[in-house]
Amino acid sequence: MERTANPRVKICCISSIEEAWIAIRCGASALGLVSQMPSGPGVISEELIAKIAACVPPPIATFLLTSSQDAQEIIQQLRCCRTNTVQICDRLESGSYQDIRNALPGISIVQVIHVITEKSLDEAISVAPYIDAILLDSGNQSLPIKELGGTGRLHDWNLSAKIREQVNVPIFLAGGLKPENVAIAVQQVAPFGLDLCSAVRTNGKLDENKLQLFFQQLK
């Protein structure tokens, strides 16, 4: 995918309608709504995800973050939550992306790749033809308790840039982004989108001042 000079911004771990509107007012293009995860911040009920998603106006994207590795289970989650995008945070092991598309033709599919080694590049290349975007994050599925996002850690941006260069779908960059490093991230990786969580929160709550600072630095 070609370089992006002015990436879109997705704010993750949205926990209320109020937070959703704070993010939208500040300039977010997408909101992340986190369903059950083995670890990490921001988990809310599927009922609340549906309530928040119903209040978000077009053209703002609503992402259901799921830890499920089963296509049929993901389909059921989406029918309950009614978001317009699904972010699959682990590897899909049962069923296929096409199963999700067949059941819910309007849904966009984003696959998370946790950037750990060069194998992450191979994984991204292999899934890219079947999905709408890839999100590069700093988790680790090999730990006894899986990390599927929200770590606040940086990963190897050189490897992220390689992935962006070699796949033909948009790339979102996540993991440890904050006002102090966003300009470097855009210069080095040039992703289509940026994904934020912990850097724009205070005591777990979305902080409008921090969010505005981030957008200022991005500009």
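Let me sum up the structure you'll find in this document. (Residues numbered from 1 in each chain as written. Predicted model: local features only at pLDDT ≥ 70, side-chain atom pairs only at ≥ 80, totals over all residues. Heavy atoms only, no water.)

### Here's the deal with helix α6 (residues 157-166)
Keep this limit in mind: For every residue, the accessible area (1.4 Å probe, protein chains only) is compared with the maximum for its type, and the residue is labelled buried under 20%, exposed over 50%, or partly exposed between those bounds. Only runs of H or I of at least four residues qualify as helices and only runs of E of at least two qualify as strands under DSSP, and these elements are numbered from the N terminus. Only heavy atoms matter for contacts: two residues are in contact if any of them lie within 4.5 Å across the pair. Any pair of nitrogen or oxygen atoms within 3.5 Å is treated as a polar contact; in protein, a donor-acceptor pairing is required on top of that, and neighbouring residues in sequence qualify only through side-chain atoms on both sides.
Of all the residues in α6, the buried ones are W157, L159, S160, A161, I163 and R164. Residues of α6 that are buried sit in contact with α5 (119-127), β6 (133-137), β7 (171-174) and α7 (182-189). The N-cap residue of α6 is D156: its side-chain oxygen and the backbone nitrogen of N158 are 2.9 Å apart.

### Some words on unusual backbone geometry
Backbone torsion omega between P58 and P59 reads 10°, so that peptide bond is classified as cis. Looking at the secondary structure, you find P59 in the loop between α2 (46-55) and β3 (61-66). For R82, which is not a glycine, the phi torsion comes out positive at approximately 60°. Along the chain, the position of R82 falls in the loop between α3 (71-81) and β4 (85-88). The exposure class of R82 is exposed, given its relative accessible area of 68%. A positive phi angle, near 55°, is found at A190, a position not held by glycine. For A190, the location among the structural elements is in the loop between α7 and β8 (193-196).

### Observations regarding the side chain of D137
What counts, and what does not: A residue counts as positive if it is Lys or Arg and as negative if it is Asp or Glu; His and the chain ends are not included. Salt bridges, as used here, are contacts in which a Lys or Arg side-chain nitrogen is within 4 Å of a carboxyl oxygen on Asp or Glu.
Among the structural elements, D137 can be located in strand β6. No salt bridge is formed by the buried D137, whose closest oppositely charged neighbour, K10, lies at an N-O distance of 7.6 Å. In this view, D137 contacts V112, I113, H114, V115, L148, G149, G150, H155, A174 and G175; residues no more than four positions away in its chain are not counted.

### Here's the deal with the environment of E118
Mapped onto the secondary structure, E118 falls in the loop between β5 (108-114) and α5. When the C-alpha atoms of E118 and A61 are compared, they prove to be 30 Å apart, with 57 residues separating the residues in sequence. Setting aside residues up to four positions removed in sequence, E118 forms contacts with L159 and K162.

### A closer look at the side chain of R164
By the secondary structure assignment, R164 is in helix α6. Salt bridges are absent for the buried R164, whose nearest opposite-charge side chain, E165, sits at 4.2 Å. In contact with R164, not counting residues within four places along its chain, are M1, E2, R3, I171, V189 and A190.

Everything listed here is a matter of coordinates, which is why it stays silent on function.
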